[in-house]
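# Chains, contacts and geometry: an overview
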Amino acid sequence: MDNLADTLIEELNCETVFTIPIFGGIPVSEAVVVTWIIMGVLVLASIILTRNLKVRNISKRQAVAETIVTKLTGIVEGMVGEEGKSYVGYLTTVLVFIGFSNIIGLFGFKSPTKDMRVTIALALMSIILVEAAGIYHKGIKGWLHKFIEPIAIVAPINILEVVTKPLSLCMRLFGNVIGAFVIMELIKTIMPVGLPVVFSLYFDLFDGLLQAYVFVFLTSLYLGEAME
């Protein structure tokens, strides 16, 4: 158990890779570097897949790109509905980013979502979008009025909900990623050969993609509530 605790602490410890020598030195953590790598890979893949697009006689590369975009946007559109179509681009990007972040451990990198600062940032971005959508669709007056619904006495609870939503998103994503890591380490301790490979396909691949889906699904639910 001591070895497991040490391994978990090491996994949660996000080391500083280098320091940018401005403003007294800005430390750049391992999570930030891996995030840059993920963004670079996604941007490069997007450039390669979208070169020389055609309307007719499309290439296999374009067919793959169109299939990926259609499937992903279709999943997100099914969550947010017709009213939320303008937010599909952002939510699809978050879905892809979190999905890649959760499975990048298969390639020897530490997942950025194991750093709580990353999950907090993702949660805050989504909740800011939700509240901004509420203001856009309801107006300032309508948005403020939701805090006294159904009666004014519950206003403190409704205001607290604005804080608990990002906290819920953050802790759910962070907790599930760390929980999967702990279970994998326990499995490796019990049976170091054979069994970890099987469970790795679930926890490192399927569960990682599932958590990305759940994060976007919950964000879309909050968006739906904000736009009602």
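Right, let's walk through the structure included here. Because the structure is predicted, anything quoted here is derived from the model rather than measured. (Residues numbered from 1 in each chain as written. Predicted model: local features only at pLDDT ≥ 70, side-chain atom pairs only at ≥ 80, totals over all residues. Heavy atoms only, no water.)

Moving on, we get to the overall build of the protein. A count of helical and extended segments in the protein gives 7 helices and 2 strands. In sequence order, the secondary structure elements of the protein are arranged as α-β-β-α-α-α-α-α-α. Taken along its principal axes, the extent of the C-alpha atoms in the protein is 60 × 55 × 45 Å. For the protein, the residues scored as buried account for 34% of the 228 residues in total. Put simply, 64% of the contacts in the protein that link residues at least 6 apart link residues at least 24 apart. For the protein, the accessible area works out to roughly 13900 Å², and carbon and sulfur atoms hold 70% of it. (Helix = DSSP H or I, 4+ residues; strand = E, 2+ residues; numbered from the N terminus. Buried < 20%, exposed > 50% of the residue type's maximum accessible area, 1.4 Å probe, protein only. Contact = heavy atoms within 4.5 Å. Areas by Shrake-Rupley, 256 points an atom, 1.4 Å probe, with all protein chains shown as cover.)

Our next topic: the nonpolar core. Grouped together as the largest cluster of nonpolar side chains are 34 residues, with contacts concentrated most on Ile-98 and Leu-223. Discounting chain neighbours no more than four positions away, the residues touching Leu-223 are Val-80, Tyr-87, Leu-91, Leu-129, Val-130 and Ala-133. (Core = buried A, V, L, I, M, F, W, Y, C linked by side-chain atoms within 4.5 Å.)

Now for the packing of aromatic side chains. Applying the stated criterion across every chain, the model contains 2 aromatic pairs. Here the aromatic rings of Tyr-213 and Phe-217 are separated by 6.1 Å at their centres, their planes lie at 5°, and the arrangement is stacked. With Tyr-213 and Phe-217 both in helix H7 (residues 195–227), this residue pair falls 4 residues apart, about one helical turn. Its relative accessible area of 35% is what places Tyr-213 among the partly exposed residues. Assessed through its relative accessible area of 34%, Phe-217 is described here as partly exposed. (Phe/Tyr/Trp six-rings, centres within 6.5 Å; stacked < 30°, edge-to-face > 60°.)

Here we come to helix H5 (residues 116–145). Look at H5: only 33 Å from first C-alpha to last across 30 residues, short of the 44 Å you get at 1.5 Å a residue. Maximum bend of H5: about 115°, positioned at Gly-139. Listed as buried for H5 are Val-118, Thr-119, Leu-122, Ala-123, Ser-126, Ile-127, Leu-129, Val-130, Glu-131, Ala-133, Gly-134 and Trp-143. (Expected span 1.5 Å × (residues − 1). Bend = angle between axes of the 7 residues up to and from the residue.)

As paired elements, strand S1 (residues 16–20) and strand S2 (residues 26–29) share 4 bridges and run antiparallel to each other. Looking at the pairing, Thr-19 lines up with Pro-27 of S2. Between S1 and S2, which pair antiparallel and follow one another directly, the connecting turn spans 5 residues, one of which, Phe-23, has a positive phi of 55°. (Pairing = 2+ DSSP bridges.)

Turning our eyes to something else, we now look at the pattern of salt bridges. In this structure the tally under the stated criterion is 5 salt bridges. The salt bridge partner of Glu-225 is Lys-165, with a shortest N-O separation of 3.4 Å. Taken together, the positions of Glu-225 in helix H7 and Lys-165 in helix H6 (residues 155–190) put the pair 60 residues apart, joining distant regions of the chain. Taking relative accessible area as the criterion, Lys-165 reaches 10% and is therefore assigned buried. (Salt bridge = Lys/Arg side-chain N within 4 Å of Asp/Glu carboxyl O.)

What is shown is where atoms sit, not what they do.
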